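# Structure assessment
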Amino acid sequence: MKNCFNYLLVFLTTIVPSITLAQVMTVNGAIDPEEMGLTLIHEHIMVDWIGADSTGYHRWDKKEIVERALPYLEELKKYGATSFLDCTPAYLGRDPYVLKDLAKRTGLHILTNTGYYGFGNNKYVPKSAMKASPEDIAAIWIEEFRDGIDGSGVRPGFMKISVENEKTLSEMHTKLVKAAALTHLATGMTIVSHTGGDGPAMAQLKVLKDMGVSPKAFVWTHAQNGTMTGYLQAANQGAWISLDNINDRPTNKPDSPGSISWFVKTLLELKDNGILNHILISHDAGWYDVGEKNGGNYRGYTDLFTKLIPQLKENGFTQVDLDVLLKQNPKRAYAIKIRRE
């Protein structure tokens, strides 16, 4: 089987256009990582929960979504943000045309993704993938990187997959991780995985390493559901730890994951443990909800700046620390570069 993987990689590498190492792929093409600047690494413009068998461009009005999201992105720019990763996957509301229009109108560097989202009992995975091999799935994702998404000319800048929050990966989710490994080795795109707790994070890292992919290519998404022990284990292997639900909700319990107090406490502990250079933070906000009137309750992207950063500074965080989290780590994590185990 390993020989088959190696053969596939040699073949696929020959058909993927060459890209200068350490570029970042935006909806408007490649940029130098230094151009990313202050970056929000996990946000959303829109989402469609109807399922892979029913979703599609016919479900939404592109112009309406652009107009709804635009003021929130303009507000974000006032705080110095220059890059924005849209983490909505294929079959769950990904729309490269909407993102390209928003990038043009705001001047933000916006990134989109390829991949399949397995969380939710595979509701958002196309039926064709259920019996497909990892090689078959990888070929689809690599083709999007090579040729663009749905004829838009927009190329993905990273992969977005997901697994259930369970210690043991299902057969389908193991297949998704293997497909992501093959795609990474052929393209250099980073693997961003909706994960949850320590168990599924470690299970995915094992699969990736068995496939010859370094944990440096993996972003443990929704790691706020994990533990400090897990963070240290993942960071020691080289993985990225994404704490991506900054939300100053009035209903937050003190120190509950996502609350400002939890972020302050956790980030200070991560700094004390010397692994701040493996941490990514964001809101997981936005969420124009297809099917809801005017997209429902769209959440903005500014709690980081108005709530979290002031409290971090009050507790000893320096501008250097903030630059590590918001500038240095994103460009290192999302630069297109093959990372082998």
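Residues numbered from 1 in each chain as written. Predicted model: local features only at pLDDT ≥ 70, side-chain atom pairs only at ≥ 80, totals over all residues. Heavy atoms only, no water.

## What to know about the packing of helix α10 (residues 303–314) against helix α11 (residues 319–334)
Contact pair α10 / α11: the axes reach a minimum separation of 10 Å and the direction vectors enclose 135°. By the criterion of interaxial angle, the relationship of α10 to α11 is oblique. At the point where α10 passes α11, the crossing takes the right-handed sense. Residues L304, I309, L312 and K313 of α10 pack against Q319, L322 and L326 of α11. (Axes fitted to C-alpha atoms, helices over the stretch in contact; angles between N-to-C directions. Helix = DSSP H or I, 4+ residues; strand = E, 2+ residues; numbered from the N terminus. Parallel < 35°, antiparallel > 145°, perpendicular 65-115°, else oblique. Left-handed = near helix turned anticlockwise from the far one by under 90°. Contact = heavy atoms within 4.5 Å.)

## Structural notes on the sheet that holds strand β7 (residues 113–114)
Judged by pairing direction, the sheet is parallel, and its six strands sit side by side in the order β7-β8-β9-β10-β11-β12 without closing on themselves. Of all the strands in the sheet, just β7 and β12 (279–281) have a single pairing partner and so form its edges. For strand β10 (residues 218–221) and strand β11 (residues 240–243), the ladder comprises two bridges, and the chain directions are parallel. Bridging from a neighbouring strand, W220 pairs with I241 of β11. The sheet contacts of helix α8 (residues 228–237) involve β10 and β11, and relative to β11 the element is tilted by about 140°. (Pairing = 2+ DSSP bridges.)

## So, the packing of aromatic side chains
Tallying each qualifying case throughout the model produces 15 aromatic pairs. Here the aromatic rings of Y79 and F305 are separated by 5.2 Å at their centres, their planes lie at 15°, and the arrangement is stacked. Here Y79, found in the loop between α2 (62–77) and β5 (81–86), pairs with F305, found in helix α10; they are 226 residues apart in sequence, far enough to count as distant. On the accessibility criterion, Y79 (35% relative accessible area) is partly exposed. Look at F305 and you get buried, because its relative accessible area is 10%. Here F84 and Y301 contribute two aromatic rings whose centre-to-centre distance is 5.1 Å and whose plane-to-plane angle is 85°, an arrangement assigned as edge-to-face. One end of the pair, F84, is in strand β5; the other, Y301, is in the loop between β13 (288–289) and α10, with 217 residues separating them in the sequence. No difference in accessibility class separates F84 from Y301, as the two residues are buried. An aromatic cluster of at least three residues, connected via ring pairs, comprises W49, Y117, F119, Y124 and W287. Sitting over the face of the ring of F145, R155 holds its NZ or CZ atom 4.7 Å from the ring centroid. (Phe/Tyr/Trp six-rings, centres within 6.5 Å; stacked < 30°, edge-to-face > 60°. Buried < 20%, exposed > 50% of the residue type's maximum accessible area, 1.4 Å probe, protein only. Lys NZ or Arg CZ within 6 Å of the ring centre and 35° of its normal.)

## Topic: the nonpolar core
In terms of nonpolar packing, the biggest core is built from 91 residues, with I45, L243, L267 and I281 touching the most fellow members. By residue number, the principal contributor to this core is helix α6 (residues 171–187), which donates nine residues. In this structure I281 touches I41, L243, I246, F263, L267, L304, L308, L325 and L326, once residues within four positions along its chain are discounted. Formed by 14 residues, the second largest nonpolar core is a distinct cluster that contains I31, C87, L111 and V219. (Core = buried A, V, L, I, M, F, W, Y, C linked by side-chain atoms within 4.5 Å.)

## Remarks on unusual backbone geometry
Here the phi dihedral of D284 falls at roughly 55°; this positive angle occurs in a residue that is not glycine. Mapped onto the elements of the fold, D284 is located in the loop between β12 and β13. Judged by relative accessible area, D284 falls into the buried class, the value being 14%. For N294, which is not a glycine, the phi torsion comes out positive at approximately 55°.

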